[in-house]
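Tertiary structure, described
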Amino acid sequence: HVCPVCAELPPEMPTLGLAAAYLVNIFPPLARSATADENPNFYDICPTLAHGSAGMGYNRTCPRDGRPNCSIVDALEDAHSGKVTRFVS
């Protein structure tokens with residue numbers, strides 16, 4: 001279990017990941033638009049899409065612990081996320 005403040009996942013709830021098509025086709029223009037940078041890196045993207053009031057999961061209820069705010073993967077439509085089958089770094 002990685003997150004120290006999140007509840008443990010029930011066995012029937014899969015570990016979620018982003019769909020490859022989302023990462024290749026949708027996320028890059030979203031990141032460029034959010035950062036106003038043609039080639040943003042992780043550090044550019046985080047404050048605009050992952051953290052604070054601009055984060056994609058801001059003000060959405062976390063399905064794991066029921067508290068306000070959730071991860072990006074939990075904020076996406078089901079078509080763009082699902083059970084993890086591969087880890088890509």
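Residues numbered from 1 in each chain as written. Predicted model: local features only at pLDDT ≥ 70, side-chain atom pairs only at ≥ 80, totals over all residues. Heavy atoms only, no water.

Section: helix H1 (residues 20-35)
With 16 residues, H1 should reach 22 Å at 1.5 Å per residue; the first-to-last C-alpha distance of 21 Å fits that figure. The largest bend in H1 is about 45 degrees, located at Phe27, with the proline Pro28 one to four residues further on. What H1 keeps buried is the set Tyr22, Phe27, Ala31 and Thr35. Buried positions along H1 lie against helix H2 (42-50). Where H1 terminates, the next one or two residues include Ala36, which has phi positive at roughly 60 degrees. (Helix = DSSP H or I, 4+ residues; strand = E, 2+ residues; numbered from the N terminus. Expected span 1.5 Å × (residues − 1). Bend = angle between axes of the 7 residues up to and from the residue. Buried < 20%, exposed > 50% of the residue type's maximum accessible area, 1.4 Å probe, protein only. Contact = heavy atoms within 4.5 Å.)

Quick look at the packing of aromatic side chains
Evaluated as defined, the whole model comprises two aromatic pairs. Here the aromatic rings of Tyr22 and Phe27 are separated by 6.2 Å at their centres, their planes lie at 45 degrees, and the arrangement is tilted. Arranged with centres 5.5 Å apart and planes meeting at 85 degrees, the rings of Phe42 and Tyr43 form a pair that is edge-to-face. Owing to a relative accessible area of 68%, Tyr43 belongs among the exposed residues under this scheme. (Phe/Tyr/Trp six-rings, centres within 6.5 Å; stacked < 30°, edge-to-face > 60°.)

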